[in-house]
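# Observations on chain architecture
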Amino acid sequence: MRLLLVEDDLRVAAPLRAVLGRHGFTVRHATTGEEALAAIDDVPDVVLLDLSLPDHDGFEVCSRIRRLCDVPVIMVTARADIRSRIHGLNLGADDYVTKPYDIGELLARIHAVSRRTRSDAPAAESPPAAKGPGGIELDPATRRVTVGGIDVVLTRKEFDLLALLAQRPGVVFRREQIISEVWHTSWAGNNRTLEVHVASLRSKLGNPAIVETVRGVGYRVVPEA
């Protein structure tokens, strides 16, 4: 698997590159945002993107990568606040890992986003657009979502999450089930990623009450009254 490591701190990059190499990755290292964007031309399988770069903010680099291709991007940063997580995912990052991290966890996340991307290939035939509660309309063929006739721009995983919950309004989907069907993994570490995606989805839909948390179980889309 070809991996692009975008990290300007050589004290971090050198040992990480060595570990990744021992686990079978072919690693290309970029120390600046411009180097990273130039390396995207070779279309790596996964990008590990630090946010604190000397020439560009990592958020800007992620946004520009998304305009170029759909390669999986994992943001790896010391910025642990929820606002940064949501902003990164909204820009199209597939995952967000905070430093310091366990190398086993990082490897699991790399393999997870790689599996997700492979399994995200569109089906031969998509179901028709469907209306959901709160004026939501989803079109799986175009992956378009509107609320009250107004387009809502969702990331890939936000759309998949909403589509799953909206299939059966009122039915509670367990966290484990959501992670399995949307992230295609059983790894419990994705619980935090799920929470961030739910928070972002509520904000974008403009009605936090549409996606309800069922404490200790999971989430559901609230049906029309």
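Report follows, based on the coordinates. (Residues numbered from 1 in each chain as written. Predicted model: local features only at pLDDT ≥ 70, side-chain atom pairs only at ≥ 80, totals over all residues. Heavy atoms only, no water.)

Across its full length, the protein carries 8 helices and 12 strands. Across the 225 residues that make up the protein, the buried fraction comes to 44%. Of the contacts formed within the protein by residues at least 6 apart in sequence, a portion of 56% connects residues at least 24 apart. Of the roughly 10900 Å² of accessible surface on the protein, a fraction of 52% belongs to carbon and sulfur atoms. (Helix = DSSP H or I, 4+ residues; strand = E, 2+ residues; numbered from the N terminus. Buried < 20%, exposed > 50% of the residue type's maximum accessible area, 1.4 Å probe, protein only. Contact = heavy atoms within 4.5 Å. Areas by Shrake-Rupley, 256 points an atom, 1.4 Å probe, with all protein chains shown as cover.)

Time to look at helix α8 (residues 191-205). In this model α8 runs 21 Å from its N-terminal to its C-terminal C-alpha over 15 residues, within 8% of the 21 Å that 1.5 Å per residue would give. For α8, every residue scored as buried is listed here: T193, L194, V196, H197, V198, S200, L201, R202 and L205. Count one or two residues on from α8 and you reach G206, which has phi positive near 80 degrees. (Expected span 1.5 Å × (residues − 1).)

Right, let's talk about the pairing of strand β1 (residues 2-6) for a bit. Taken across its 5 residues, β1 has 4 buried, putting it largely inside the fold. Strand direction decides the pairing type here: β1 and strand β2 (residues 26-30), joined by 5 bridges, are parallel. Opposite L3, over in β2, you have V27 as the bridge partner. Relative to strand β3 (residues 46-49), β1 runs parallel, the two sharing 4 bridges. Among the inter-strand pairings, L3 is bridged to a residue of β3, identified as V46. (Pairing = 2+ DSSP bridges.)

Under the criterion given, the structure shown has 19 salt bridges. Close ionic contact of R64 with E60 constitutes a salt bridge, the shortest N to O distance being 3.6 Å. Placement of the pair is R64 and E60 together in helix α3 (residues 58-68), with a separation of 4 residues, close to one helical turn. With a relative accessible area of 24%, R64 lands in the partly exposed category. Exposure remark for E60: the relative accessible area of 35% places this residue in the partly exposed category. Salt-bridge contacts for R175 lead to E195; the nearest nitrogen and oxygen are separated by 3.5 Å. Residue R175 is located in helix α7 (residues 175-183), and its partner E195 is located in helix α8; the two are separated by 20 residues in the primary sequence. Assessed through its relative accessible area of 21%, R175 is described here as partly exposed. Its relative accessible area of 29% is what places E195 among the partly exposed residues. Each member of the salt-bridge network shares a partner with another, and the members are R66, D70, D94 and R156. (Salt bridge = Lys/Arg side-chain N within 4 Å of Asp/Glu carboxyl O.)

Here we take up the pairing of strand β11 (residues 211-214). For β11 and strand β12 (residues 218-221), the ladder comprises 4 bridges, and the chain directions are antiparallel. Each bridged residue has a counterpart across the sheet, and for V211 the counterpart in β12 is V221. Counted along the chain from β11 to the antiparallel partner β12, the turn is 3 residues long, and its residue G216 has a positive phi close to 80 degrees.

Moving on, we get to the packing of helix α4 (residues 82-90) against α8. One way to put it is that α4 packs onto α8 with a least axis distance of 10 Å and a crossing angle of 75 degrees. Between α4 and α8, the angle falls in the class roughly perpendicular. Judged by residue contacts, I82, R85, I86, L89 and N90 of α4 engage R192, V196, H197, A199, S200 and K204 from α8. (Axes fitted to C-alpha atoms, helices over the stretch in contact; angles between N-to-C directions. Parallel < 35°, antiparallel > 145°, perpendicular 65-115°, else oblique.)

Turning to the side chain of D50, a few remarks are in order. Tracing the sequence through the fold places D50 in the loop between β3 and α3. On the basis of relative accessible area, D50 is assigned to the buried category, the value being 5%. There is a polar contact of 3.4 Å between the side chain of D50 and the side chain of K99. The residues touching D50, leaving out its near neighbours within four places in the chain, are V6, E7, D8, G58, V76, T77 and K99. (Polar contact = N/O pair within 3.5 Å; in protein donor to acceptor, adjacent residues only side chain to side chain.)

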